[in-house]
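Spelled out, the chains give:
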Amino acid sequence: MEKPECNQKWEAKVCTRLAVATADQIWPLIKDFFNMHKYFPNLTTCYGIHGNNGEPGCIRYCAGSSIPSTAGESTVSWSTERLLAVDHVEKSLTYEILDCNVGFKSYVSTMKIHPGDGDGEKGCVIEWFIAVDPVEGWSFKDLVRKYEVALQCMGKRMEDAIVNPEKANMEEAEPKWEGKATAELRGLKAQEVWPLIEDFCGLGKWLPTIDTCYLLEGTPNQPGLVRYCASEKLSSGGSEEVNIMWAKEKLIAIDPIGKWLSYEILDNNVGFRSYVATIKVMPMDNDDKCMIEWSFVSDPIEGWGLEHLISYIDNSLQGMAKKMEEALQVKGNA
């Protein structure tokens, strides 16, 4: 492939051929937009943070070490990606990168599966087309080579999962915990409640379990912002010693129109390894009231059970909603 000029958009197509798995077998794995980490090399995290898996408009959060971040080798690379189009007949999907820390700008990609021999009965070919603005610190040739290697590895993992599903299930990582809690706020419109949720570093005003919450880095209410949250807890055993439970949390996506945001827990001393949550504000009953929905995907937490985590989030959300409801009603009566 001819190298583009410096100011031209980089465009490339890479392919991998699978000898056994058919297009019909591989397509369900490709269109599983929220679970690409099962097959893509060095992609440790892939979660849905908005919309329904596989439907245009849905957004996923991906993180790992497949492409170095612009912040240095020790920083986890991440991106938020939106599904633009899906064609189940042609077995193709197109997505774009919304935000990332790997230097990609104006990135759009299409993945398509072709029958391997023209009749769909034996093998298939996975085609991956990318278009992106030139990436600082990269050469076009190196980027193409990285995608070639990644696609070959992904194709092999997908074919292995189909040819030997028992082995694939044994090697699959420990299942993620998923849960959701909701709270209704009566007499309040979604647009009244959203500014309180949108204030990412104002969580301490509303969440009963948080004593401290402030900005560590980034621009207020913009993806990439990191906040520090902490709460004080007396030690057990009658001691007056106070333990500080803390976490650094990064805003990874925010949609003021849709009234939702997603964040992940970074460093912490609570036991979270991988945790991504989405908080939405939704109108109800012709916007005479609204609902806050708090959903999450997390690695299992040592010493906890899934039901304990769901209960903790539900109790926290009910307390937060009550505080918001009281504050907004007082404001309305003033």
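Residues numbered from 1 in each chain as written. Predicted model: local features only at pLDDT ≥ 70, side-chain atom pairs only at ≥ 80, totals over all residues. Heavy atoms only, no water.

Moving on: the pairing of strand β7 (residues 124-132). Of all 9 residues in β7, 8 are buried, a share of seventy percent or more. Here strand β1 (residues 10-18) pairs with β7 via 9 bridges, running antiparallel. Bridging from a neighbouring strand, Arg17 pairs with Val125 of β7. Note that strand β6 (residues 108-115) and β7 share 8 bridges and pair antiparallel. (Buried < 20%, exposed > 50% of the residue type's maximum accessible area, 1.4 Å probe, protein only. Helix = DSSP H or I, 4+ residues; strand = E, 2+ residues; numbered from the N terminus. Pairing = 2+ DSSP bridges.)

Before going further, it helps to spend a moment on the pairing of strand β12 (residues 260-268). When you tally the buried positions in β12, you get 7 out of 9 residues, the bulk of the element. As defined by bridge partners, strand β11 (residues 242-255) adjoins β12 across 7 bridges and the pair is classed as antiparallel. Pairing of Ala247 across the sheet is with Asn268, part of β12. By the bridge criterion, 5 bridges tie β12 to strand β13 (residues 275-284) in an arrangement that is antiparallel. Each residue of the ladder has a partner; that of Tyr263, found in β13, is Ala277.

It is worth spelling out the pattern of salt bridges at this point. All told, the structure shown has 16 salt bridges when counted by the stated rule. We note a salt bridge from Arg186 to Glu184, for which the minimum N-O separation is 3.5 Å. Residue classification places Arg186 among the exposed positions, given a relative accessible area of 53%. On the basis of relative accessibility, which here comes to 34%, the residue Glu184 falls in the partly exposed class. For Lys250, the salt bridge is made with Glu264, and the minimal N-O distance between the two is 3.2 Å. Note that Lys250 is positioned in strand β11 and Glu264 in strand β12, a separation of 14 residues in sequence. The pair formed by Lys250 and Glu264 is uniform in burial state, with each residue classed as buried. It is possible to trace a salt-bridge network through shared partners that takes in Glu184, Arg186, Asp285 and Lys289. (Salt bridge = Lys/Arg side-chain N within 4 Å of Asp/Glu carboxyl O.)

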